[in-house]
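So the chains spell out like this:
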Amino acid sequence: MCPLGDAQSAMRLKDLLVELDIEEVIGSKDIWVNGISKDSRLVREGYLFFLTKKNAPYLGEAIASGAKVIITDMDGYVNVPCFVRVKNVERSIGEIASRFFKEPTKNMFVLGITGTNGKTTTAFLIDHVLSSDSIKTGLIGTVFHRYGNRIFKSENTTPGAIELQTIFNEMRKAEITHVVMEVSSHALDQKRVEGVHFDVCVFTNISHDHLDYHGSFSNYREAKALLFNYYLKRSLKPRKIAILNGDDPNVSYFITGNGIETYFFGLKRGTHTQVLRYEQTLEGIEAEITVLKEKLKVSSNLIGKFNLYNILAASLALKVIGIERTKIERGLEAFQGVPGRLERIKNSKGYKIFVDYAHTPHALKEVLETLSELKKGRLIVVFGCGGDRDKEKRPIMGRIATTIADFSIITSDNPRSEDPLLIIEEIRKGAIKDNYKIIVDRKEAIYEAVKLMNPEDVLLVAGKGHEDYQIVGDKVLHFSDREVIEEALRVVL
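Residues numbered from 1 in each chain as written. Predicted model: local features only at pLDDT ≥ 70, side-chain atom pairs only at ≥ 80, totals over all residues. Heavy atoms only, no water.

Asker: What exactly am I supposed to notice about the overall build of the protein here?
Answerer: Helix and strand content of the protein: 15 helices and 26 strands. Scaling as 2.2 N^0.38, a compact globule of 493 residues should have a C-alpha radius of gyration of about 23 Å, and the protein matches this with 24 Å. Taking the principal axes of the C-alpha coordinates as reference, the protein spans close to 75 × 55 × 40 Å. Per-residue burial over the protein gives 57% buried out of 493 residues. Of all intrachain contacts in the protein linking residues separated by at least 6 positions in sequence, the fraction that spans at least 24 positions is 66%. (Helix = DSSP H or I, 4+ residues; strand = E, 2+ residues; numbered from the N terminus. Rg over C-alpha atoms; globule rule 2.2 N^0.38 Å. Buried < 20%, exposed > 50% of the residue type's maximum accessible area, 1.4 Å probe, protein only. Contact = heavy atoms within 4.5 Å.)

Asker: Is there a simple way to think about the sheet that holds strand S5 (residues 47–51) in this case?
Answerer: Think of a sheet as strands paired side by side through backbone hydrogen bonds, with each pair either parallel or antiparallel. Across the sheet, five strands lie side by side as S2-S7-S6-S5-S4; this open sheet has mixed pairing. Of all strands in the sheet, those with a lone pairing partner are strand S2 (22–27) and strand S4 (35–37), marking the two edges. Recorded for the sheet is a direction-independent mean angle of 15° between the axes of neighbouring strands. The sheet contact formed by S4 and S5 spans three bridges and is parallel. By the bridge assignment, Gly-35 is partnered in S5 with Tyr-47. On the sheet, helix H3 (residues 89–100) packs against S4, S5, strand S6 (67–72) and strand S7 (82–86) and is oriented at approximately 160° with respect to S5. (Pairing = 2+ DSSP bridges. Axes fitted to C-alpha atoms, helices over the stretch in contact; angles between N-to-C directions.)

Asker: Help me understand the side chain of Arg-99 in this model?
Answerer: Secondary-structure assignment places Arg-99 in helix H3. Within the buried set, Arg-99 has no salt-bridge partner at all; the shortest N-O distance to an opposite charge, 4.2 Å, is to Glu-19. If near-sequence neighbours (up to four positions away) are discounted, Arg-99 is found in contact with Met-11, Asp-15, Leu-16, Val-18, Glu-19 and Leu-20. (Lys, Arg positive; Asp, Glu negative; His and termini not counted. Salt bridge = Lys/Arg side-chain N within 4 Å of Asp/Glu carboxyl O.)

Asker: Would you mind showing me how to read the sheet that holds strand S10 (residues 144–147) here?
Answerer: Strand order in the open sheet formed by eight strands is S11-S10-S9-S12-S8-S13-S14-S15, and the pairing between neighbours is mixed. Looking along the sheet, the strands with just one partner apiece sit at the ends: strand S11 (150–153) and strand S15 (261–265). The mean angle between the axes of side-by-side strands here comes to 15°, regardless of whether they run parallel or antiparallel. As judged from the five bridges shared by strand S14 (residues 241–245) and S15, these two strands associate in the parallel manner. Paired with Ala-242 across the bridge in S15 is Thr-262. The strands touched by helix H4 (residues 119–132) within the sheet are strand S8 (109–114), strand S9 (137–140), S10 and strand S12 (178–182), with S12 carrying the most contacts at an inclination of about 170°. Strand contacts of helix H9 (residues 305–320): S8, strand S13 (200–203), S14 and S15, with the helix running at about 150° to S15, the strand carrying the most contacts.

Asker: Mind showing me how you'd approach the packing of aromatic side chains here?
Answerer: Aromatic ring pairs: the centre-centre distance and the angle between the two ring planes describe each pair. Here the structure, examined in full by the defined rule, presents eight aromatic pairs. Pairing Tyr-77 with Phe-83 gives two aromatic rings, centres 5.3 Å apart and planes at 75°, and the pair type is edge-to-face. With 5.8 Å between their ring centres and 35° between their planes, Tyr-147 and Phe-152 make a pair best called tilted. The buried category is assigned to Tyr-147, whose relative accessible area is 3%. The buried category is assigned to Phe-152, whose relative accessible area is 11%. An aromatic cluster is present here, built from Phe-203, Phe-228 and Phe-254 joined pairwise through their rings. Here Arg-221 stacks its cationic end above the ring of Tyr-253, 3.6 Å away from the centre of that ring. Taking NZ or CZ as reference, Lys-464 lies 5.1 Å from the ring centre of Tyr-469, over its face. (Phe/Tyr/Trp six-rings, centres within 6.5 Å; stacked < 30°, edge-to-face > 60°. Lys NZ or Arg CZ within 6 Å of the ring centre and 35° of its normal.)

Asker: Is there a simple way to think about the pattern of salt bridges in this case?
Answerer: It is possible for side chains bearing opposite charge to pair when their charged atoms get close. Tallying each qualifying case throughout the model produces 32 salt bridges. With a closest N to O distance of 3.2 Å, Lys-68 and Glu-45 form a salt bridge. A residue pair is termed long-range when its members are at least 10 positions apart, and Lys-68 in strand S6 and Glu-45 in the loop between S4 and S5 qualify at 23 residues. For Lys-68, a relative accessible area of 27% gives the class partly exposed. The partner of Asp-199 in a salt bridge is Lys-237, with the nearest N and O atoms 2.5 Å apart. In this pair, Asp-199 is assigned in the loop between helix H6 (185–189) and S13 and Lys-237 in the loop between helix H8 (217–234) and S14, connecting sequence segments 38 residues apart. Judged by relative accessible area, which is 7%, Lys-237 ranks as buried.

Asker: What should I look at first to understand the environment of Arg-482 in this one?
Answerer: Of note, Arg-482 is situated in helix H15 (residues 481–491). Taking C-alpha positions, Arg-482 is 8.4 Å from Gly-340, a pair spaced 142 residues apart along the chain. Excluding anything up to four places from it in sequence, Arg-482 contacts Pro-339, Gly-340, Glu-343, Ile-345 and Val-355.

Asker: Explain unusual backbone geometry to me, please; I cannot follow it from the model alone.
Answerer: The phi angle of most residues is negative, glycine excepted, and most peptide bonds adopt the trans form. Residue Leu-292 is not a glycine yet carries a positive backbone phi of 50°. Structurally, Leu-292 is set in the loop between strand S17 (284–291) and strand S18 (294–300). Take Leu-292: its relative accessible area is 32%, and that puts it in the partly exposed class. Although it is not a glycine, Asp-388 sits at a positive phi angle of roughly 60°. Along the chain, the position of Asp-388 falls in the loop between strand S21 (379–383) and helix H12 (393–404).

Asker: I would appreciate a short explanation of the confidence of the model for the protein in the present structure.
Answerer: Low-pLDDT portions of the prediction should not be read for the details of their coordinates. Looking at the protein, pLDDT values average 95 and 98% of them are 70 or higher. Segment residues 1–7: pLDDT under 50, and 19 contacts once partners within four positions in sequence are set aside and those in other chains are kept. (pLDDT = per-residue confidence, 0-100.)

Asker: Explain the pairing of strand S20 (residues 352–356) here, please?
Answerer: Taken residue by residue, a regular strand's side chains alternate between the two faces of the sheet. With respect to burial, S20 is a largely interior element, five of its five residues being buried. Along S20, one buried face is formed by Lys-352, Phe-354 and Asp-356 and the opposite face, lined by Ile-353 and Val-355, is buried too. Two elements, strand S19 (residues 343–344) and S20, share two bridges in a ladder whose sense is antiparallel. Paired with Glu-343 across the bridge in S20 is Val-355.

See the structure below:
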């Protein structure tokens, strides 16, 4: 988590409540607010405390620690110097946090990226090209949050509203001018990006994911579309831009109009990008593309057609905001990739082993199809599905793996509170060939896969990517696919 940094100056409550959807105020709005929190453990004297159904049991602790203002959308009344009832407390958190930190995103360039797959790679690409052009950038996303030389581990792809505005405030102090951030469907649904003024929003694609949370694909799609239909529309930036995947069958849900410049990327006709030539190997992509009718030469270490889409999205976004062609080309060529995103594990034996974060049916299918096209020997995959998450995708991923890969090892992937064997059995039900093996222990599964390899084979270890932990029950254990593969290469071969 990003530290709060220097103490924020106090503000009058009435200045924080401007334009809020207020239903009732009991007490004085002239009270000074020294800080804001919805975590009772962080409350100090003179703080404003956001009371929600989730943190209600800790209200007494917050008041005892010095909370003088309570903002909630719950029924009842709390005897404090000022009690404020609002229509939606989650929405108020972001709006008040933004005002408390003097709306840092009003004077920063903010580019948000949403989609099922490709958010991280597209964000890293754009950030890399911008920073290569001596632009002071900040990055917020799944792998980490970064600004300047400071890197913070991500607890969520998109931080909570108060933490997010805190990060923006720290970035402003560090004179960051451009921020590239991933925006998850959970964050959009939970209103974590309230108070963020976006300049550009990018839609990569949408497919089956997070239905355990959203309940249905239409709900999931609606949450993703909020970035464009609500947050970009409400932004106070003078120029607002939408960059959309024109090849995605759901793209119409992300088209907003109404003063928002809209550009489309993709391989099909009718987009603002074209691919004139495209070659891929296990070493990378060589291509010629046009972006807004200007020709670019692409030489990239990234692999796969899905990464070509990420390159098109990034190139279009960069071109639209005024980055020169040659700077885009140089940045793409110098980009070394993203940790855990089809990351090649270098080794002296020359074995072709990749780690990828693919944990959805669509992502697994794309990466397996890419490697299958480029292999000379067999394609072996090690994968599983997370516990306490979308169960519908498990047999689908079992079918995909056993259809495309030559051999699959089905194993554990953050089982959480579920029995790993039961998760694996649900995956196995989708298998349509007898070309798989079950090994519950993920380390043993990776060792076995390395042992099975011939020099011409390709091995993909999928699902965890950059993660360096395994969640078993209520324990978070250190586990890195990369480290285990490197160890197996030393021990097994």
